[in-house]
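Remarks on the overall topology
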There are 2 protein chains.
Amino acid sequence: MNETIEGILSHYSVRDFKDEALTEAEIALLVKSAQAASTSSFVQAYSIIGVSDKALREAISEVAGKQPYIVKTGQFFVFVADLSRHHQIGEARGAETDSLTSMERFLVATVDATLAAQNMAIAAESMGLGICYIGGIRNDLARVSDLLQIPDYATPLFGLTIGHPTTSSEPKPRLASELVYHENHYQPKGIQDFNEYDDTIRDYYAARTGGKRVEGWTDQIERSLKYATRLDLKEFLASKNLGKK
Amino acid sequence: MNETIEGILSHYSVRDFKDEALTEAEIALLVKSAQAASTSSFVQAYSIIGVSDKALREAISEVAGKQPYIVKTGQFFVFVADLSRHHQIGEARGAETDSLTSMERFLVATVDATLAAQNMAIAAESMGLGICYIGGIRNDLARVSDLLQIPDYATPLFGLTIGHPTTSSEPKPRLASELVYHENHYQPKGIQDFNEYDDTIRDYYAARTGGKRVEGWTDQIERSLKYATRLDLKEFLASKNLGKK
């Protein structure tokens, strides 16, 4: 197994960082790594906001559930699905830009942004840094969009906090590959096929919490079903002229 | 610069592969690498279909624009945004599953699937394999979904073809980082700020086509605006109970 795959397989999220800013050279290398990812039809439909301003980080952290690792970190990045450059080019050329408002284009921009983000995450970990994705910014996208002055035809998707970790950990066990990988056709599983994984996850949480948290994966998923969260997303996207048709 | 970042920065898409299937061990390592990626709230909301059957590859290739590198490749993977496991768990527990139909959940599943895919892509390249993403399967998602027997609450998103390359190439120049990376606030650019990049891309195409293709990046984007493609995506997603509200 090579160094790159070893790095990929030892990933875990880090939620406590030293108060040590990434250097400009580190940030430049992370951004360059992000940009090297594949992009659909070469549209490069994303932007990255690096939030170094502490007050701005505090404000975003308020939205995301007061996570301290958004504020105390090496750098806090927000990944933006961005069709605003394409809109700008269309306007400058007098071209029709209505095609940018489709769900397909929003999907392309989302995938582009996410491929770039994961390149950055892997590059960061290879540099000995820790990472954590922050979906919590979607608790109030309108607020985050205002704070970062995101234009129309663009939307923040998630944050990525990267810094020098204070602690180390171990990867969290994933679903057995037979439950995720299918040969030629999707093979539906029975509910009992999750039992073994439930045991694994129960043991994992029990060991990490001294027996305080005892919950299988399916329990966790069942609990999550109760909360229909962020139901304003569709409307927010439409307000940005995204995913309208 | 370490080996992982060197690998990331030397990425280019490969569109011609040897007729040599990946081994089971290679596929297992690629899937394991994919699964090691971050996942939103640990929902692991994706599946991967490995298409080894040649007739099935041919049928998917028909949808995607007859790309030969879907058929003649090491393995052809389709990444699926998959909330069907979560639906199954909800049903088994008698829980309300309506929350799964939201745009937020579809976005979570899309990001999860894409993070996993990019892990697989980087792992593959580190093994000396070549990769190419295939958005063309979205030309007819209903057909691809039928071919792969994808259940409700799940949808194919894109393909990823991975194999032993017959040729080598160089990375394609990306937008200048100043056009993509913003400090604290989104900084709108002027249309003239793309001029230098247009020159770079014109030279890039001219050199690769012996002067036959002369087109800047903004020309390419302008041309793409004319085609409002895949306008059935929203309706297809709804037919799968995804992104409905």
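Scroll up to find the structure.
Once a new chain begins, its residue numbering starts again from 1 and follows that chain's sequence as written. All chains are assigned letters beginning with A, and all ligands numbers beginning with 1, in the order in which they are written. This being a predicted model, a pLDDT of at least 70 is required before a residue's local features are given, and a value of 80 or more before pairs of side-chain atoms are given or counted; all residues contribute to the totals for chains, interfaces and linings. With hydrogens and water stripped out, all remaining heavy atoms of the structure feed into the side-chain values.

A closer look at the relation of the copies chain A and chain B
- In this comparison the copies share one frame, found by least squares on the C-alpha atoms of residues holding pLDDT of at least 70 in both. Structural alignment of chain A on chain B gives an RMSD of 0.0 Å, achieved by rotating through 180° and translating 0.0 Å along the axis. Both copies are brought into coincidence by an operation consistent with a two-fold rotation axis. For chain A, the smallest separation between a C-alpha atom and the rotation axis is recorded for Thr4(A), amounting to 2.5 Å.
- Residue by residue, 100% of the interface of chain A is reproduced at the interface of chain B, so both copies engage with the same surface. By definition in these notes, contact holds between two residues if any of their heavy atoms fall within 4.5 Å.

Topic: the sheet that holds strand 3 (residues 130-134) of chain B
- When DSSP finds two or more bridges between two strands, those strands count as paired. Think of it this way: any DSSP run of H or I at least four residues long counts as a helix, any run of E at least two long counts as a strand, and we number them from the N terminus. Taken together, the five strands give an open sheet; going across it, the order is 5(A)-1(B)-2(B)-4(B)-3(B), and neighbouring strands pair in mixed fashion. This sheet does not close on itself; its edge strands, each paired only once, are strand 5 (181-183) of chain A together with strand 3 of chain B. Taken over all neighbouring pairs, the strand axes of this sheet differ in orientation by 25° on average, direction set aside.
- Where strand 1 (residues 46-51) of chain B and strand 2 (residues 75-82) of chain B come together, six bridges link them in antiparallel fashion. By the bridge assignment for strand 2 of chain B, Ile48(B) is matched with Phe79(B). Throughout, an axis means a line fitted to C-alpha atoms (over the contacting stretch in the case of helices), and angles, computed between N-to-C directions, take values from 0 to 180 degrees.

Thoughts on the interface of chain A and chain B
- On the chain B side, the residues contacting the 116 residues of chain A number 116 residues.
- Buried area adds together the accessible area that both of two parts lose upon being put together, with accessible area traced by a 1.4 Å probe. Counting the surface lost from both chain A and chain B, the interface buries some 9800 Å², and carbon and sulfur atoms represent 61% of this.
- Looking only at chain A, the three residues that lose the most surface to chain B are Phe42(A), Tyr186(A) and Leu225(A), adding up to 9% of its buried area.
- Whenever Lys or Arg places a side-chain nitrogen within 4 Å of a carboxyl oxygen from Asp or Glu, that contact is recorded as a salt bridge. Linking chain A with chain B are eight salt bridges.
- One salt bridge connects Glu104(A) with Arg230(B), and the closest N-O pair in it is separated by 2.8 Å.
- Take the side of chain A that touches chain B: its biggest share by element is 15 residues, from helix 6 (residues 103-126) of chain A.
- Under the grouping applied here, Gly and all other residues not named as nonpolar or charged are polar, the nonpolar ones being Ala, Val, Leu, Ile, Met, Phe, Trp, Tyr, Cys and Pro and the charged ones Asp, Glu, Lys and Arg. When grouped by side-chain class, the residues that make up the side of chain A that touches chain B number 58 nonpolar, 37 polar and 21 charged.
- One ladder, built from three bridges, connects strand 1 (residues 46-51) of chain A with strand 5 (residues 181-183) of chain B; its direction is parallel. Across the sheet, residue Ile48(A) finds its bridge partner in strand 5 of chain B, namely Tyr181(B).

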